[in-house]
Amino acid sequence: MVDVGSPASVASDVKVAVRDLTIRYGSHVALRDVTLDIRENEIFGIIGPANSGKTSFLRALNRMDTFTTEMAVDGSIEFAGHDINKIKNLYALRKRIGVVFPLPVGLPLSIYDNVALAPRLNGVRKRSELDVIVERCLQRAALWDEVKDRLKSLGSLLSGGQQQRLTIARALSQDPDLLLLDEFSIAVDPVTTMRIEDVLKELKQEVTIVLVTNLVQQARRLADRTAFFLMSECVEIAETEAYFDGRVQDPRSRDYVEGRFG
Amino acid sequence: MFAATDLNASNRRKQGLIKTLFLLMTILLIVPVLIILTVLIVKGGPVISFEFLFSDPKDEMTAGGIFPALIGTVWLVSVALLASVPLGIAAAVYLSEYAPDNWFTRTINLAIINLAGVPSIVHALFGVGAFVLFFKFGTSILAASLTLAVMTLPIVIVATRESLQAVPQAFREACWNMGATRWQTIRRIVLPNSISGILTGVILEVSRTAGETAPIMFTGAAIFLPFLPEGVGDQTMAMSLHLYAMATQVPLPEHAANLPYGVALVLIGMVLAMNAISIGFRMWLRGKKKW
């Protein structure tokens, strides 16, 4: 693996510190020896072809390895200074991390209840407070105008692209410190994607974002720094622009962003 | 270009043949049901009257009605459901949502399937040993209903577990990712979306419970009782046993020969009515929830 290529960051500046992360599913190694830092309030992009371990990386950040017996995680991940593999109260950890996966999951609840679920789990009961949260999150996910007149209809009956934005709204409703986005725009039309991207740029003020994307240009538009994963390894970590002006060190990184393989 | 080749023609002939064959088998399947219903309605229909439903049997069961048996079956089914539904659903939720997949839970699952295969007469003897004698409930509604409950538990557990597992895993993970506990996820997402499947299990269980004879014969049901049960400690008459007694134990004179058909018709009617209510409820729930 190439050196992380970043100046030694101040400790308080680091939101997530990943050290020697290896992820296995049974005997299959999904990710090998990844070491990287994600800084406070940055958008950290991850690009790479299919099966390169991007999604597994996100799953490890949210401790989703506890959902299945197959997934095994080695190495350490520190989130805000705490080793997440030692945290007992995983519920509290997950409440601070919002997750959006490529296949939208509209829970079989009303649109309103989908977005109000996380606040309710946190004990918010007042209708007026919930109303404010639901409207703000749906606005930010660029869905409000389309659904404001039918908040009571089922979230699971929305179109794919709308469900994806509903999923984003739900992740935002957690008021997370860290937002993990995995190919969030896969089912969303380009115009709406741009609107959500604008929101993400704003959100950067409050939230640290990890953005996994197949779209190299999306990483370029959004990410401050970008990691390139290839065949279960982290090949490169650099300022995103470095991929495009040839400053990246590994030739494979340049080849990938220029579309020569992958 | 679209002219039929020999191969097309032969495929179509086979297709037609198979379709007809399967249709015939389907019809064959409904024939016994139709015959049973027809015979019961023709022979039992005229027997049924207000008096038949709401009066006691008289003259060694050769006259009068079936009221005590009717009430008795309602008692037996209700108490059995009260015991088995909460227990069965709790066990199924544990097995589907909490239990890790290891040899222990696999053994439990195997045991449940085997429990479903145990003949009802064996359950009856178990009921006598456990509830009547060991727990000293005596021959009573409580003992009979608990025996029925044990016998029908696998139906509830299996139906509930299947319908819980039909809820997509993605829903659970989405909830867990928000920091929801397992129980919060079950209560808010999993149970509301599997309730119609669970009800199907309960419907099946009601039919089975109402019709069973062997398990209640030795544990709480009597062939004839001059009084109605007042609580779960009493013995009771029951429709299924009443039918059995009339059909086999009592020499019926000419004018009463059709009485057992009436009893059978009412028993089937009861089960169908209870099923209809549950099915209606289920459809109402389905209309509300979709994904």
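Turning next to the overall build of chain B. On a plain count of helices and strands, chain B comes out with eleven helices and two strands. Counting from the amino terminus, chain B carries its helices and strands in the arrangement α-α-β-β-α-α-α-α-α-α-α-α-α. For 291 residues, the compact-globule estimate of 2.2 N^0.38 gives 19 Å, and chain B exceeds it by more than 25% at 24 Å. A principal-axis box enclosing the C-alpha atoms of chain B has dimensions of 75 × 60 × 35 Å. Across the 291 residues in chain B, those meeting the buried criterion constitute 37%. In chain B, the share of contacts with a sequence separation of at least 24, taken over all contacts with a separation of at least 6, comes to 76%.

To continue, consider the packing of helix α3 (residues 111-121) of chain A against helix α4 (residues 127-140) of chain A. Residues and elements named next belong to chain A. α4 packs onto α3 with a crossing angle of 115° between their chain directions and a minimal axis gap of 9 Å. With respect to α4, the element α3 is oriented roughly perpendicular. Crossing handedness for the pair α3 and α4: right-handed. Seen from α3, the contacting residues are Tyr 112, Val 115, Ala 116 and Pro 119; seen from α4, they are Leu 130, Ile 133, Val 134, Cys 137 and Leu 138. The residue makeup of the contact of α3 with α4, split by class, is nine nonpolar, no polar and no charged.

Contacts between the two partners involve 18 residues from chain A and, on the opposite side, 16 residues from chain B. Of all the secondary-structure elements, those providing two or more residues to the side of chain A that touches chain B are α2 (90-95) and α3 of chain A. The element contributing the most residues to the side of chain A that touches chain B is α2 of chain A, with four residues. Along the lines of polarity and charge, the residues of the side of chain A that touches chain B split into 13 nonpolar, three polar and two charged.

Here we come to the environment of Gln 217 of chain A. All names here are of chain A. Positionally, Gln 217 belongs in helix α8 (residues 216-222). Judged by the 10 C-beta atoms lying within 10 Å of it, Gln 217 is exposed. Each C-alpha atom of the pair Gln 217 and Val 257 lies 8.6 Å from the other, and the pair is 40 residues apart in sequence.

Take the confidence of the model for chain B next. Looking at chain B, the pLDDT average stands at 87 and 99% of residues meet or exceed 70. The secondary-structure element of chain B with the lowest mean pLDDT is strand β2 (residues 63-64) of chain B, recorded at 78, while helix α1 (residues 6-44) of chain B shows the highest, at 92.

It is worth spelling out unusual backbone geometry at this point. Residues and elements named next belong to chain A. Even without being glycine, Asp 33 reaches a positive phi, approximately 50°. With respect to the secondary-structure elements, Asp 33 resides in strand β2 (residues 28-39). Phi at Asn 51 takes a positive value of approximately 65°, unusual for a residue other than glycine. Structurally, Asn 51 can be placed in the loop between β3 (43-47) and α1 (54-61).

Looking now at helix α7 (residues 190-203) of chain A. Residues and elements named next belong to chain A. With 14 residues, α7 should reach 20 Å at 1.5 Å per residue; the first-to-last C-alpha distance of 20 Å fits that figure. Within α7, burial applies to Thr 193, Ile 196 and Leu 200. Along α7, the residues classed as buried sweep out an arc of 65° about the axis, all on the same side. Residues of α7 that are exposed and point more than 90 degrees away from the buried face comprise Val 191 and Glu 202. Buried residues belonging to α7 abut β3, α6 (160-173), β8 (208-212) and α8.

In this section: the confidence of the model for chain A. If pLDDT is low for a region, its predicted coordinates should not be looked at in detail. Residue and element names in this part refer to chain A. This prediction gives chain A a mean pLDDT of 87; 95% of its residues lie at or above 70. Ranking the elements of chain A by mean pLDDT puts helix α10 (residues 251-257) last with 87 and β8 first with 94. Note on residues 1-11: pLDDT is under 50 here. Beyond four places in sequence and across chains, it has 17 contacts.

Our next topic: the pairing of strand β9 (residues 225-230) of chain A. Residues and elements named next belong to chain A. Most of β9 sits out of view: six of its six residues are buried. The two faces of β9 match: Arg 225, Ala 227 and Phe 229 on one face and Thr 226, Phe 228 and Leu 230 on the other face are all buried. Bridging between β3 and β9 involves four bridges; their strand directions are parallel. The partner of Ile 46 across the bridge, within β9, is Ala 227. Across six bridges, the pairing between β9 and strand β10 (residues 233-239) is antiparallel. Among the inter-strand pairings, Arg 225 is bridged to a residue of β10, identified as Glu 239. Hairpin connection, β9 to β10: the antiparallel pair is bridged by two residues, and Met 231 has positive phi, about 45°.

Criteria and cut-off values
- Residues numbered from 1 in each chain as written.
- Chains lettered and ligands numbered in written order.
- Predicted model: local features only at pLDDT ≥ 70, side-chain atom pairs only at ≥ 80, totals over all residues.
- Helix = DSSP H or I, 4+ residues; strand = E, 2+ residues; numbered from the N terminus.
- Rg over C-alpha atoms; globule rule 2.2 N^0.38 Å.
- Buried ≥ 20, exposed ≤ 12 C-beta atoms within 10 Å, placed from the backbone.
- Contact = placed C-beta atoms within 7 Å.
- Axes fitted to C-alpha atoms, helices over the stretch in contact; angles between N-to-C directions.
- Parallel < 35°, antiparallel > 145°, perpendicular 65-115°, else oblique.
- Left-handed = near helix turned anticlockwise from the far one by under 90°.
- Nonpolar A, V, L, I, M, F, W, Y, C, P; charged D, E, K, R; others polar.
- pLDDT = per-residue confidence, 0-100.
- Expected span 1.5 Å × (residues − 1).
- Arc of directions from axis to C-beta.
- Pairing = 2+ DSSP bridges.

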